[in-house]
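# Structural overview
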Amino acid sequence: MSPHHTHISQVHEQIIARNPGEREFHQAVEEVFESLHLVLEKHPEYMDGSVLERMCEPERQIIFRVPWTDDGGTVHINRGFRVQFNSALGPYKGGLRFHPDVLLGTVKFLSFEQVFKNSLTGLPIGGGKGGSDFDPKGRSEGEIMRFCQSFMTEAYRHIGDKVDVPAGDIGVGRREIGYLFGQHKRITNRYEAGAITGKGTTWGGSLLRPEATGYGTVYFTEHMLRAAGEGMDGRRVAVSGSGNVALHAIEKVQELGGTVIAASDSAGHVHDPEGIDLELLREVKEVRRERISAYAEARPRARHHSGAVWTRGDLEDVEVALPCATQNEIDADAARRLVSNGVRVVAEGANMPCTPQAVQIFRENRLLFAPGKAANAGGVAVSALEMQQNASRDSWTAEYTDERLAGTMEHIHTLCAETAEEYGVPGDYVAGANIAGFLRVADAMIAQGVI
């Protein structure tokens, strides 16, 4: 075994031993490490100074109690997390996720991915992530407000526009951001607009922030298709999820001439061969807040099925798959099904929605595959642009913000493609994203010394 392979294996074993049971974090680290032997073979100096070891150890992990009272007077206890993983490129930046499945390992995997995603944008932001095992589903406005205020009563000590800037994620939308920001303002007695992103546009938010992740995923997909001499126009597309990312991905696909025939939620999915009626889907999910089965009830040719989109065998005419729901939603069986059905492009709108086995199947079959750290970086890119607007006390137009978003996604695509070419794996967007993201962070860490 070569010295660089040995070094990577040793570091990987250390990480598994130091972080037992955190399978998602192990998976995220392994996915990056698979590409790094190409770097270390060419630049063995990155093996010096324990750069890999330091890059895989969070700078700070914060866990705290979040007590709150429901409408009936019962006291509940949840757990809050903030993992500040790496600040070599700037203040920690990453969302907050409120979901009952959130554990420390979940937040660590998300924040590790965020380091590389933020690096790829070229913007001056480090990586972090946070959240809680609180479930906002079925809770009243008052209960959600009281939980957010309790969460921020501890979290405020650890955030700020020059330290750590949280944003939204699953279970944390503009409503929750509003309650969190309000409590931060109340406790600190400062209107620190840049301390949180994803705010309302009338109080410091950026236009296009809700759209950014979904739009950015489709922009990246379009660039991959263009590089292959094609485009989105006329493509049939399957999207998983029906939340913020999925809805805006559907919108942008339709704008570019594609047809989305599937969407989903945690209770199942709909197949609409005529193309998803976006206005109806938005009404069901954002206004009526109902299950996606209500979409099928209102749409004669649409059919609702249990299980994930990717379990179905009726997507033979789909060419583009956009998983926009949650981690590990596409496993090896689903990946083989997509390949056999003729899917040619997969772009991750969610964070790590494909298992390592699924990614390997896509790469072996030479599909155009865009990893999440590249494809869904549009959200954090516009969050960083919101920080810029807050710093200058300015507000940009939607057109200018969209122009900046599109430019950032083009930059990320070019960077990934050129890096893959430089390291001898042309067309491998996984390797290109991992290597390009690693190099910028590693160089900054080396320049700043052992800290």
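Residues numbered from 1 in each chain as written. Predicted model: local features only at pLDDT ≥ 70, side-chain atom pairs only at ≥ 80, totals over all residues. Heavy atoms only, no water.

### Focus: the sheet that holds strand β4 (residues 127-132)
Pairing in this open sheet of 5 strands is mixed, and the strands run β1-β2-β4-β3-β5 from one edge to the other. Edge positions in the sheet fall to β1 (60-69) and β5 (164-167), since each of these pairs with one other strand and no more. When the angles between neighbouring strand axes are averaged without regard to direction, this sheet yields 20°. (Pairing = 2+ DSSP bridges. Helix = DSSP H or I, 4+ residues; strand = E, 2+ residues; numbered from the N terminus. Axes fitted to C-alpha atoms, helices over the stretch in contact; angles between N-to-C directions.)

### Some thoughts on helix α8 (residues 244-255)
Structural remark: α-helix, 3.6 residues per turn; residues separated by three or four positions point the same way. With 12 residues, α8 extends 17 Å from end C-alpha to end C-alpha; this agrees with the ideal 16 Å at 1.5 Å per step. Among the 12 residues that make up α8, 9 are buried, leaving the element largely enclosed by the rest of the structure. Taken as a whole, α8 has its buried residues at Val 245, Ala 246, Leu 247, His 248, Ala 249, Ile 250, Glu 251, Lys 252 and Val 253. Residues of α8 that are buried make contact with α7 (209-227), β6 (236-240), β7 (259-265), α9 (278-287), β10 (320-323) and α15 (398-422). In the stretch just after α8, Gly 257 is the one whose phi turns positive, near 95°. (Expected span 1.5 Å × (residues − 1). Buried < 20%, exposed > 50% of the residue type's maximum accessible area, 1.4 Å probe, protein only. Contact = heavy atoms within 4.5 Å.)

### Description of the sheet that holds strand β8 (residues 268-271)
Read across the open sheet, the 7 strands follow the order β9-β8-β7-β6-β10-β11-β12; overall the sheet is mixed. Strands at the two margins of the open sheet, each flanked by one partner only, are β9 (303-305) and β12 (368-370). Neighbouring strand axes in the sheet, compared pairwise and without regard to direction, differ in orientation by 15° on average. One ladder, built from 3 bridges, connects strand β11 (residues 345-347) with β12; its direction is parallel. Each bridged residue has a counterpart across the sheet, and for Val 346 the counterpart in β12 is Phe 369.

### Things to note about the side chain of His 223
Of note, His 223 is situated in helix α7. Among residues more than four places away in sequence, those in contact with His 223 are Ala 406, Met 409, Glu 410 and His 413.

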